[in-house]
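# Residue-level structure breakdown
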Amino acid sequence: MRDGKLDQKFLLQGDDDSPNNYLLNVGLTGSGGWGTPRHRHNFDQIRYVLKGKYPASPHKIMGEGSVAYFPESVHYGPQDRPEGLEMMVIQFGGSSGDGFLSTPKREAANEALKAKGEFKNGIFTWFDEKGGKHNMDGSAACFEEATGKKLVFHPPRYDDIMMMDPEAYAWVGTGTEGVSAKVLGVFTERHTQIGFLKVDAGATYNTGTRSQIEVLFMSKGSITVDGKTYGEKTAIELLPSDAPVDIKANEESLFFTVTLPKF
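Residues numbered from 1 in each chain as written. Predicted model: local features only at pLDDT ≥ 70, side-chain atom pairs only at ≥ 80, totals over all residues. Heavy atoms only, no water.

### Some remarks on the sheet that holds strand 9 (residues 118-120)
Spatially, 9-10-11 is the arrangement adopted by the three strands of the open sheet, whose pairing is antiparallel. Only two strands of the sheet have a single partner each, and these edge strands are strand 9 and strand 11 (133-137). Each strand axis lies, on average, 30° off the axis of its neighbour in the sheet, ignoring direction. Across five bridges, the pairing between strand 10 (residues 123-127) and strand 11 is antiparallel. Note on strand 11: the bridge partner recorded for Thr 125 is Asn 135. Helix-sheet contacts for helix 2 (residues 138-147) involve strand 9, strand 10 and strand 11, and the interaxial angle to strand 11 is about 95°. (Pairing = 2+ DSSP bridges. Helix = DSSP H or I, 4+ residues; strand = E, 2+ residues; numbered from the N terminus. Axes fitted to C-alpha atoms, helices over the stretch in contact; angles between N-to-C directions. Contact = heavy atoms within 4.5 Å.)

### Looking at the packing of aromatic side chains
Tallied over the full model, the rule gives 12 aromatic pairs. One aromatic cluster in this structure is built from Tyr 48, Phe 196, Phe 217 and Phe 256. Its end group placed over the ring of Phe 153, Arg 40 keeps NZ or CZ at 3.9 Å from the ring centre. When the ring centre of Phe 70 is taken as reference, the NZ or CZ atom of Arg 47 above it lies at 4.8 Å. (Phe/Tyr/Trp six-rings, centres within 6.5 Å; stacked < 30°, edge-to-face > 60°. Lys NZ or Arg CZ within 6 Å of the ring centre and 35° of its normal.)

Structural data, given as structure tokens:
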């Protein structure tokens, strides 16, 4: 539904029938870049820039290593992603409880829409039976095709996206030797949390228990879990029903952490 080239690796996906449905991916912008018009979504997003600079809008540029929270119903863009930009993105159902449309459903809707009209510059255009021309944001058209419902935006909880510089935050001890954390922010009444976890070489992090879904994305390092070794760009999902697990760092390992909203 957008213009340009964007390759993605899908690392984790949630439950399509849950308000907590989500998708965690790593995207790499290809030759010629990739762009979208200014738009908004009925779900939340968090972005973590791994390489390059990301223009969330012409006057909001995220540097390498920076993080931003994109709340539901809040406009951003237009985007003009440069070639070579690498970014981790997690998209998930926002606090309103409307959930997140899964990739298979979105792709099926895209194919159906192509038979009715045309995607160009991020806009879906079609003509009605009287020859009248209609334009709609591609993402909104996709949602309505997939669900059969009118896309409704709840009143935004924030007036803009929130960009964060993790380097400005201090590491705080967790009570476990060799394990420290940064909490970048906690958002909305549903306690969405963003942060980092650092596990020193040779140290072990025990995941413990939790009341909300947590996801960990390892941007650098090497770990061993249950006898298996994993490298950078590993993603881990921790459900409230999961038992505690030991994560041993073979070298200093850095995790980007997201706690999804509690419903």
